[in-house]
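# Results of the structural survey
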Amino acid sequence: MTTPADAPAAPADLLVVGGDVVTMAPGREVVTGAAIAVADARIAAIGTPGELRARFPGSPELDARECVVIPGLVNAHQHTTADPLVRSMIPDDISSQEAIFDWIVPLHDQVTGDDDELSAALTAAESLLRGVTTLLEPGTVAHPLRVAAGLALAGIRARVGRWGWDVPGAAHALPAAETLALQEETVRALPPGGTVTGWVTLVGHDLASDELFTGAAELAERLDVGLTWHVSPSAADTRAYAERAGTAPVLHFRRLGVLGPRLLLAHAVWLDDAEVDTVIESGTAVASCPGAYLRLGQGYGRAGRHAELVRRGGRLALGCDSHNAGDAPDVLGAARLLAALERDRDETPVLRADQVFALATIDGARAAGLGELVGSVEVGKAADLVVMDTRDLSWTPRGDLATHLVWGAPAHTVRDVLVDGKVVVRDRRLTTLDADALRREAAERSAALLRRAGLDVPHRWPVVPAGSYARRPS
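Reading the values: rules and limits
Residues numbered from 1 in each chain as written. Predicted model: local features only at pLDDT ≥ 70, side-chain atom pairs only at ≥ 80, totals over all residues. Heavy atoms only, no water. Helix = DSSP H or I, 4+ residues; strand = E, 2+ residues; numbered from the N terminus. Rg over C-alpha atoms; globule rule 2.2 N^0.38 Å. Buried < 20%, exposed > 50% of the residue type's maximum accessible area, 1.4 Å probe, protein only. Contact = heavy atoms within 4.5 Å. Pairing = 2+ DSSP bridges. Axes fitted to C-alpha atoms, helices over the stretch in contact; angles between N-to-C directions. Phe/Tyr/Trp six-rings, centres within 6.5 Å; stacked < 30°, edge-to-face > 60°. Arc of directions from axis to C-beta. Right-handed = clockwise from strand over helix to strand, strands pointing away. UniProt positions renumbered as here; feature names shortened; annotations may be inferred. Core = buried A, V, L, I, M, F, W, Y, C linked by side-chain atoms within 4.5 Å. Parallel < 35°, antiparallel > 145°, perpendicular 65-115°, else oblique. Nonpolar A, V, L, I, M, F, W, Y, C, P; charged D, E, K, R; others polar. Salt bridge = Lys/Arg side-chain N within 4 Å of Asp/Glu carboxyl O.

### Here's the deal with the overall build of the chain
A count of helical and extended segments in the chain gives 18 helices and 18 strands. What you see for the chain is a C-alpha radius of gyration of 23 Å, in line with the 23 Å of a compact globule of 474 residues. Projected onto the principal axes, the alpha-carbon positions of the chain cover approximately 70 × 70 × 50 Å. Counting all 474 residues of the chain, 55% fall into the buried class. Sequence-distant contacts, at least 24 apart, represent 73% of the contacts inside the chain between residues at least 6 apart.

### Points about the sheet that holds strand β12 (residues 263-267)
Read from one edge to the other, the open sheet built from five strands follows the order β10-β11-β12-β13-β14, with strand pairing classed as parallel. The open sheet is flanked by β10 (200-204) and β14 (315-318), the only strands paired with a single partner. Ignoring which end each strand starts from, the neighbouring axes of this sheet average 25° apart. Pairing analysis gives five bridges linking strand β11 (residues 227-231) to β12, with the strands arranged parallel. Each residue of the ladder has a partner; that of Trp229, found in β12, is Leu265.

### A word on the side chain of Thr186
Mapped onto the elements of the fold, Thr186 is located in helix α5 (residues 176-189). Judged by its relative accessible area of 2%, Thr186 falls in the buried class. Those residues within four positions of Thr186 in sequence are excluded, and the remaining contacts are Pro144, Leu145, Val160, Gly161 and Arg162.

### A few points about the packing of aromatic side chains
Enumeration according to the criterion identifies six aromatic pairs in this entry. Note on Trp229 and Phe253: the rings are 5.3 Å apart at their centroids and 70° apart in plane angle, and the pair reads as edge-to-face. Here the residue Trp229 occupies a position in strand β11, and Phe253 occupies one in helix α8 (residues 249-256), the gap between them amounting to 24 residues. Here the aromatic cluster, defined as three or more aromatic residues joined through ring pairs, consists of Phe213, Trp229, Tyr241 and Phe253.

### Some words on helix α7 (residues 236-245)
Of all the residues in α7, the buried ones are Asp237, Tyr241 and Ala245. Looking straight down α7, one finds its buried side chains confined to an arc of 30°; they lie on one side. Along α7, the residues that are exposed and aim more than 90 degrees away from the buried face are Arg239 and Glu243. Contact partners of the buried residues in α7: α6 (210-223), β11 and α8.

### Notes on the pairing of strand β7 (residues 132-136)
Counted residue by residue, β7 has five buried out of five residues, so it is predominantly covered. Pairing analysis gives three bridges linking β7 to strand β8 (residues 157-160), with the strands arranged parallel. Note on β8: the bridge partner recorded for Thr134 is Arg157. You can see the chain leave β7, run along helix α4 (residues 144-154) and come back into β8, and the turn it takes is right-handed.

### Overview of unusual backbone geometry
Geometrically, the link from Thr348 to Pro349 is a cis peptide bond, its omega value of -5° lying close to zero. By secondary structure assignment, the location of Pro349 is in the loop between α13 (331-344) and α14 (353-360). Positive phi, close to 60°, is recorded for Ser88, a residue that is not glycine. Position of Ser88 relative to the elements: it lies in the loop between β6 (73-75) and α2 (96-110).

### What to know about the UniProt feature "domain: Amidohydrolase-related" (unreviewed entry) in the chain
The residues that UniProt annotates with the feature "domain: Amidohydrolase-related" (unreviewed entry) are residues 68-424. Regarding residues 68-424, the helix share stands at 42% and the strand share at 16%, and the terminal C-alpha atoms are separated by 18 Å.

### What to know about the nonpolar core
Ile70, Leu107, Leu128, Leu151, Trp229, Phe253 and Phe357 are the most contacted members of the largest nonpolar core, which totals 125 residues. Look past the residues within four positions of Trp229 in its chain and what remains in contact with it is Leu202, Val203, Gly204, Phe213, Phe253, Val258, Leu263, Leu264, Leu265 and Ala266. Membership of the second largest hydrophobic core comes to 16 residues, among which are Ala34, Ala64, Val387 and Leu418.

### Considering the sheet that holds β7
The sheet built from four strands is open, its strands ordered β6-β7-β8-β9 with parallel pairing. Each having just a single partner strand, β6 and β9 (196-198) make up the two edges of the open sheet. Averaged over all neighbouring strand pairs, the angle between strand axes comes to 15°, with direction disregarded.

### So, the side chain of Thr228
Along the chain, the position of Thr228 falls in strand β11. Note on Thr228: relative accessible area 1%, which makes it buried.

### Observations concerning the packing of α7 against α8
Between α7 and α8, whose axes approach to 9 Å, the crossing angle comes to 45°. In terms of orientation, α7 lies oblique with respect to α8. For the pair formed by α7 and α8, the contact residues are Asp237, Thr238, Tyr241, Arg244 and Ala245 on the first element and Pro249, His252, Phe253 and Arg255 on the second. Partitioned by chemical class, the residues of the contact of α7 with α8 number four nonpolar, two polar and three charged.

### Observations regarding the pattern of salt bridges
The final tally for this structure, using the stated rule, is 36 salt bridges. The closest approach of N and O atoms between Arg311 and Glu347, which form a salt bridge, is 3.0 Å. Remark: Glu347 occurs in the loop between α13 and α14 and Arg311 occurs in helix α12 (residues 306-311); sequence separation between them is 36 residues. For Glu347, a relative accessible area of 38% translates into the label partly exposed. Among the ionic contacts, a cluster of salt bridges with common partners joins Asp114, Asp115, Glu117, Arg146, Glu441, Arg445 and Arg452.

### Remarks on α14
Within an α-helix, residues lying three or four positions from one another point in the same direction, as the helix has 3.6 residues per turn. When you tally the buried positions in α14, you get six out of eight residues, the bulk of the element. Listed in full, the buried residues belonging to α14 are Ala353, Val356, Phe357, Ala358, Leu359 and Ala360.

Here you go:
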């Protein structure tokens, strides 16, 4: 709708003024000394400060001079329950199976709705402070609506689902029909239109029957939402499907008819040639979590083919997994790890910094089915913006922007963050939550959760009170 020529000009909700804007639009332009007008949660205009001040007189302003403005980062695979309350407590010298079944499963057995809401808020808060504005939660066991509440409280954009699996005898497993009913209940409770909405989430691996896989794909299609599940972060799923179906996991999914653009496969590290071809041909997306593969020793350097997906036109996004796998919801950190791992292969063509940054923004958004809404700074898109302060010495001198964003480790320079047009971080402080209160409650809930689960955190170094240390014989 056009505005009549004689209509009085109206102020924007906010003008972000004076920054160098990394648009990630199709032309990949960097617009220097720009202003961005934000109105009704959307980017209304991009131009010079003078032009936009005249067009939107009386608008409040956020001074972005000496700053770089980037699209909000997209984390396509981030667990928010249990792990955030025990970060850096699970030993790093045990197998991934031990970490899951000796630690994570007992913790999930004891976690409460209050715990889940708090841990989700904690994850979202840390994500926002690192410039992540969109977070895809790949499934929570028992309290998805409490998780959604915690994410919404922090002000992040998110997708939330209830984990489902139906293998008899597994903890928390339910029959396929009951699992799907709970999935639908969750999605309908978080309808489209808000910043936190629902999607269909299965654990995947070898913990779902064919009935559950096909039912989940049909449910996602009927509800018009995305869906995700885990597969092949290690070689275990390859072995399991060879025994179960006589073929590789992704080829079995093709046989079931569940692949396609709506599906985001988490990990998909250990793929053979036919599986890689099938992922690309079907338009199925993959969420890559390089920090988790390294932390858990899952063999990405031997088997990972995510750069090949990018080179061949596949759909790839970045994720950080969980606080005891990826260790931090830091998408720029994940981008740097992926770039480093792929650079070390010495394959050509090299996966360049600008391509990897695209995975953290527009390409990641497209892989997650959100490319029309977020991932780039363009008129009409959601105003999810990150302002990075280049007065920090880590920006001195400023190099090529793509190289600097991926290799220069500048996540600590995030100063301001907008999600859906709302300022949720200002001058490096959350505007939505009391960080001190969040920290205190997290410490209390962590200790209580560990007690209930009967877990003792091993400490590598002895902890000695100062008085005792001072009285030790020399």
